[in-house]
Amino acid sequence: QWERMFGRLQAFQERKGHANVPKAHVEDGEQLGSWLQKQRTRYKARGLSEAERKRRRASAMSDEEVKRLEALGVAWDALAEQWERMFGRLQAFQERKGHANVPKAHVEDGEQL
């Protein structure tokens, strides 16, 4: 199953240009967003003790899985990645306009700022 879902993630990444799938996204009838969220949880479990993983019923991700997901550009903390990306766009806007009072509907690099 991991390989099948990884293949779906690869297809998503090739089509969209990124691998940070929205949580509710369904790809070819499969809940790809939920699967990726589970992979993020498994990644975080790597930092837990074996006893804590057992208590939480969490399996840790292998080094190989980490490498493969990172090669696609998966962000382990999607909110932090989004914050950094949008802050960079705000900085660019501020440098260009001389202020950071962004109009409500303003789009910067394809995303509403």
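Our structure's up above, just so we're on the same page.
My aim in this report is to walk through the structure given alongside it, one point at a time. Remember, predicted model here, so these are calculated numbers, not experimental data. (Residues numbered from 1 in each chain as written. Predicted model: local features only at pLDDT ≥ 70, side-chain atom pairs only at ≥ 80, totals over all residues. Heavy atoms only, no water.)

A look at helix α1 (residues 2–16)
A turn of α-helix holds 3.6 residues, and therefore any two residues three or four places apart point the same way.
Argument step 1. Here α1 is 15 residues long and its end C-alpha atoms lie 21 Å apart, about the 21 Å a rise of 1.5 Å per residue gives.
Argument step 2. Within the sequence span of α1, burial applies to Trp2, Met5, Phe6, Leu9 and Phe12. For α1, the arc enclosing every buried residue in end-on projection is 115°, short of the 170-degree limit, so these residues lie on one face.
Argument step 3. Contacts made by the buried residues of α1 are with α2 (32–45) and α4 (63–72).
Argument step 4. Directly beyond the C-terminal end of α1, a positive phi value near 85° is found at Gly17. (Helix = DSSP H or I, 4+ residues; strand = E, 2+ residues; numbered from the N terminus. Expected span 1.5 Å × (residues − 1). Buried < 20%, exposed > 50% of the residue type's maximum accessible area, 1.4 Å probe, protein only. Arc of directions from axis to C-beta. Contact = heavy atoms within 4.5 Å.)

Comments concerning the environment of Glu27
Argument step 1. By secondary structure assignment, the location of Glu27 is in the loop between α1 and α2.
Argument step 2. C-alpha separation for the pair Glu27 and Ala11, spaced 16 residues apart in sequence, amounts to 9.1 Å.
Argument step 3. Beyond its immediate chain neighbours, meaning those up to four positions away, Glu27 contacts Arg8, Ala11, Phe12, Arg15 and Leu32.

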